[in-house]
Amino acid sequence: MARVIRLPDRGRLLVCTDLQGCMRDYQRMVEIFEQALITYEGDAHLIITGDLIHGPHIEPEDWPDFLGEYYRDASGEVMIAYAGLAAQYPGRVHALLGNHEHGHIGGPHTAKFAADEVALLEHILGPAATARMRGIIHTFALAAVSKCGAIFTHGAPAAVIDSIADLEAADLSGAGLSSPLDVLDTPVVGKVLWARSASDAEARRFLRALGGTMSIYGHDVIPEGYEMIGDEQIIVSTSFGLFDQNKVYLSLDLAAKYRSVHDLRVGHEILPLYPDKAPARLGGRAKAS
Ligand SMILES: [Mn+2]
């Protein structure tokens with residue numbers, strides 16, 4: 001697949017970030033996407049901005065509060081389900097590479113919930129399913145651009161690039177580096193997959209290079225659901241590390257022209273994953289307790 005997805009200039013786009021192996025939140029997002037296909041007469045898209053895999057393997061009694069809602073990692077199943085959905089709706093279901101996926105195709109191995117999460121998942125899956133998962137990961141892009149102004153990446157827009165060609169030329173293989181860890185220091189791939197923040201100036205440069213007005217990403221956990229930084233950046237947390245009431249996704253009109261992240265309104269573009277549990281602050285229906 002191309003390194004950069006060019007989204008169409010019409011239709012509805014649903015945006016989901018870091019699932020980290022949470023099948024329940026993945027299925028809820030699919031339900032929202034399939035409802036949008038009905039509402040918008042077939043013209044809807046779904047983008048998942050990386051880190052579909054690598055969740056916790058922790059018993060309920062040992063689960064720490066900072067991990068949010070309890071779930072059991074189902075990384076292999078989420079990947080297979082994603083590939084099935086992408087096949088079912090050709091050209092409408094998109095995924096970006098996250099730092100957790102990158103470890104399986106040449107990037108540095110992550111160590112969030114295990115000393116080596118890449119080795120752990122590949123051990124659980126076995127050789128055949130691992131090969132299949134790598135094949136799916138190879139279809140993931142590094143960024144997505146749109147005419148509505150939204151630019152999507154896994155991490156913050158801190159990479160120093162001058163044009164879309166700089167992303168398209170990015171080497172994900174890690175070949176030529178003495179260690180996969182050296183990927184972290186590469187100016188394009190290292191930043192796109194790992195940066196947790198970008199200055200206003202960095203974000204503006206990144207957006208100018210890609211012809212966008214706002215940068216949308218995940219990678220970090222925002223316990224309240226989302227955070228806007230300046231006029232150009234919004235971090236969205238759909239799943240990992242959050243309690244159900246704070247999980248949010250975005251719903252964008254691809255035919256619109258968003259001038260900045262301040263054009264994104266709660267209850268319109270910013271929506272709760274579980275409206276019955278979410279507070280009014282996030283456009284939900286839960287009663288204050
Ligand atoms: Mn990440």
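In the block above lies the structure referred to throughout.
Residues numbered from 1 in each chain as written. Predicted model: local features only at pLDDT ≥ 70, side-chain atom pairs only at ≥ 80, totals over all residues. Heavy atoms only, no water.

Engineer: Give me the lowdown on the packing of aromatic side chains, citing residues and values where you can.
Structural biologist: What the rule picks out here adds up to five aromatic pairs. With 5.3 Å between their ring centres and 90 degrees between their planes, F33 and Y89 make a pair best called edge-to-face. Pair noted here: F33 is in helix α1 (residues 23-39) and Y89 is in the loop between α2 (75-88) and β4 (93-95), with a separation of 56 residues, a long-range link. On the accessibility criterion, F33 (0% relative accessible area) is buried. The side chain of K277 reaches across the aromatic face of Y274, ending 5.4 Å from its centre. (Phe/Tyr/Trp six-rings, centres within 6.5 Å; stacked < 30°, edge-to-face > 60°. Helix = DSSP H or I, 4+ residues; strand = E, 2+ residues; numbered from the N terminus. Buried < 20%, exposed > 50% of the residue type's maximum accessible area, 1.4 Å probe, protein only. Lys NZ or Arg CZ within 6 Å of the ring centre and 35° of its normal.)

Engineer: Can you lay out the coordination of the manganese ion for me, pointing to particular residues and giving the numbers?
Structural biologist: The protein atoms that coordinate the manganese ion are D51 (OD), N99 (OD1), H154 (NE2) and H219 (ND1), at distances of 2.1 to 2.2 Å. Within one chain, the residues donating to the manganese ion are spaced in sequence as D-x47-N-x54-H-x64-H. In this pair, N99 sits in helix α3 (residues 99-102) while H154 sits in the loop between β6 (150-152) and α5 (164-168), placing the two residues 55 residues apart along the sequence. One exposure class covers both N99 and H154, and it is buried. (Donors = N, O, S within 2.8 Å, 3.2 Å for Na, K, Ca; no water.)

Engineer: Give me the packing of α1 against α2: which residues, what numbers.
Structural biologist: Their axes nearest at 10 Å, the elements α1 and α2 cross at an angle of 15 degrees. Classed by the angle they form, the pair α1 and α2 counts as roughly parallel. Crossing hand, α1 versus α2: right-handed. Across the interface between the two elements, M23, Y26, V30, F33 and E34 from α1 touch E77, V78, A81, Y82, L85 and Q88 from α2. Among the residues forming the contact of α1 with α2, the class breakdown is eight nonpolar, one polar and two charged. (Axes fitted to C-alpha atoms, helices over the stretch in contact; angles between N-to-C directions. Parallel < 35°, antiparallel > 145°, perpendicular 65-115°, else oblique. Left-handed = near helix turned anticlockwise from the far one by under 90°. Contact = heavy atoms within 4.5 Å. Nonpolar A, V, L, I, M, F, W, Y, C, P; charged D, E, K, R; others polar.)

Engineer: Run through the nonpolar core, naming residues and quoting values.
Structural biologist: With 52 residues, the main nonpolar core has F33, Y82 and L167 as its most contacted residues. If one sorts the elements of this core by residue count, α1 sits on top with seven residues. The contacts of F33, once residues within four sequence positions are left out, are L14, A44, H45, L46, L85, Y89, R92 and V93. (Core = buried A, V, L, I, M, F, W, Y, C linked by side-chain atoms within 4.5 Å.)

Engineer: Tell me about the state of the cysteines, and please be specific about residues and values.
Structural biologist: As enumerated under the stated definition, the model contains zero disulfides in all. The thiol of C16 is not disulfide-bonded; the next cysteine sulfur, from C22, is found 9.6 Å away. By relative accessible area, which is 0% here, C16 ends up buried. Left unpaired, C148 is separated from the closest cysteine sulfur, that of C16, by 17 Å. Residue class for C148 comes out buried when judged on its relative accessible area of 1%. (Disulfide = S-S within 2.5 Å.)

Engineer: Go over the side chain of D51, please, and point to the residues and values.
Structural biologist: By the secondary structure assignment, D51 is in the loop between β3 (44-48) and α2. Here D51 sits buried without a salt bridge, and the closest side chain of opposite charge, K112, lies 6.1 Å off (N-O distance). The contact partners of D51, leaving out residues within four places of it in the chain, are D18, L19, Q20, G98, N99, H100, E101, H154 and H219. (Lys, Arg positive; Asp, Glu negative; His and termini not counted. Salt bridge = Lys/Arg side-chain N within 4 Å of Asp/Glu carboxyl O.)

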